[in-house]
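Descriptive analysis of the structure
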Amino acid sequence: AVSSVYSHVSAMVSKISLYLAFASCGLGEGLVITPGSTLTGTSWRLKLDVGREPGTWMPNDWATMGARLALSMDIEFTDGQLMGDPRQGLGLQENLVGPASSTKKINVKGGPASFVSERGREEVAFLGGGWCVQQPFDTPGAEALLRGWVDCISGAKRKDVSIESGERIFFTTGIWTDEANFKQLENDRKIIEKDIARIKNEFASLSSKGEGTGEAMDFFSKTFHAATQLRSKTAKYDEYQKLKFKLDELARMLPEPGKLAVANGISIAPRGGLCVKRKKLLGEEYHILGKMSFAPIAET
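Residues numbered from 1 in each chain as written. Predicted model: local features only at pLDDT ≥ 70, side-chain atom pairs only at ≥ 80, totals over all residues. Heavy atoms only, no water.

1. Considerations on the overall build of the chain
- Of regular secondary structure, the chain possesses three helices and 15 strands.
- A burial count over the chain gives 40% of its 300 residues as buried.
- Relative to all contacts within the chain whose residues are 6 or more apart in sequence, the contacts with residues 24 or more apart total 73%.
- A total of about 15600 Å² of accessible surface is found on the chain, and carbon and sulfur atoms cover 55% of it. (Helix = DSSP H or I, 4+ residues; strand = E, 2+ residues; numbered from the N terminus. Buried < 20%, exposed > 50% of the residue type's maximum accessible area, 1.4 Å probe, protein only. Contact = heavy atoms within 4.5 Å. Areas by Shrake-Rupley, 256 points an atom, 1.4 Å probe, with all protein chains shown as cover.)

Now the structure itself:
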């Protein structure tokens, strides 16, 4: 049973490495668009935490005072096709998210978001947006990328943290929509963690037996005993290293235990990133805008 777990994890290693290589720079080799995602038709609370983050390319005078702008809204992931809005003139094709033909519509539910600034309570209007799930090729249960955007039509400002009017805010986070395979990977992780604990105990036992072997042993017996101990320790260490490698691979596919937003058989990572797009002379670049998270509406 244990060997089947190891082969199950090893078979995913090369596929996952391809996925990780392209996860931060848009759709590429090793990623496929997932049609008919189980996310379709579900509603979640999207929480935006806007403020300066390490490595951002936002202007040097933007969000330098440590202030944050927190906004939340209820959204629905639909299977509807995106329709252009003449109030914005924004395109529907977003390379970061996915092809326009596979990008579905996000509906913002309820009234505008709100926050408290130095001027009092202020409202922020969002128009909706688009979403797409990018899945690692042929790796059931592993982490996929949920990418999308919401369009902020009013803008917002708190101290020196600001969102421009008409800004398209992109989000990226991890998601697991294949519940059965996700549970299998979690079970694999638990088995490997138990095996690592067992090996550590066996290694400690070998170390304790290696000391105080008795004065009655002659030189050759002591030498043979030490060589046997060393061989056993080396075998245990090699086994530990193989297990640790497989555990590290699973850590890339799975979230930290107990830190997920879960609803309808869907698990979403506890944190994700926000960015905005900026046009440059030779193309586009994305500037980090802050952090984000999802929560099931029933738990908020």
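2. With respect to the confidence of the model for the chain
- Confidence in the prediction for the chain averages 79 pLDDT; 75% of positions are at 70 or higher.
- Here residues 9-30 scores under 50 on pLDDT; set against residues more than four positions off or in separate chains, the count is 48 contacts. (pLDDT = per-residue confidence, 0-100.)

3. Details of unusual backbone geometry
- Not every positive phi belongs to a glycine, and A63 is a case in point at roughly 55°.
- Among the structural elements, A63 can be located in the loop between strand 2 (43-50) and strand 3 (69-81).

4. Some remarks on the pattern of salt bridges
- Applying the stated criterion to the full structure yields 18 salt bridges.
- Between D248 and K244 there is a salt bridge, and its shortest N-O distance comes to 3.0 Å. Of this pair, D248 and K244 both sit in helix 3 (residues 219-253), separated by four residues, roughly a single helical turn.
- Judged by its relative accessible area of 31%, K244 falls in the partly exposed class.
- The partner of K279 in a salt bridge is E284, with the nearest N and O atoms 3.0 Å apart.
- Judged by its relative accessible area of 63%, K279 is exposed.
- Classification of E284 as partly exposed rests on a relative accessible area of 38%. (Salt bridge = Lys/Arg side-chain N within 4 Å of Asp/Glu carboxyl O.)

5. Structural notes on the nonpolar core
- Counting 40 residues, the largest nonpolar core has L48, F77, F126, L146 and F294 as its most contacted members.
- The leading source of residues in this core is strand 3, at five residues.
- Core analysis: the second largest hydrophobic core is formed by 13 residues, I192, I196, L243 and L250 among them. (Core = buried A, V, L, I, M, F, W, Y, C linked by side-chain atoms within 4.5 Å.)

6. Description of the pairing of strand 15 (residues 283-296)
- When strand 2 meets strand 15, the two strands line up antiparallel, connected through seven bridges. The partner of R45 across the bridge, within strand 15, is A295.
- Between strand 14 (residues 272-280) and strand 15, which pair antiparallel one after the other, the connecting turn spans two residues. (Pairing = 2+ DSSP bridges.)

7. Quick notes on the packing of aromatic side chains
- Counting across every chain of the model gives six aromatic pairs.
- The interplanar angle of 75° and the centroid separation of 6.5 Å between the aromatic rings of W44 and F294 together place this pair among those described as edge-to-face. With a gap of 250 residues between them, W44 in strand 2 and F294 in strand 15 connect regions that are remote in the sequence. Neither residue differs from the other here; W44 and F294 are each classed as buried. (Phe/Tyr/Trp six-rings, centres within 6.5 Å; stacked < 30°, edge-to-face > 60°.)

8. A few points about the environment of I297
- Position of I297 among the secondary structure elements: in the segment after strand 15.
- The exposure class assigned to I297 is partly exposed, which follows from its relative accessible area of 28%.
- Each C-alpha atom of the pair I297 and A263 lies 9.2 Å from the other, and the pair is 34 residues apart in sequence.
- Residues within four places of I297 in sequence aside, it is in contact with S43, W44, R45 and D74.

9. Structural notes on the environment of Q241
- Take Q241: it is sitting in helix 3.
- A relative accessible area of 37% means that Q241 is categorised as partly exposed.

10. As for the environment of A235
- Relative to the helices and strands, A235 resides in helix 3.
- The exposure class of A235 is partly exposed, given its relative accessible area of 44%.

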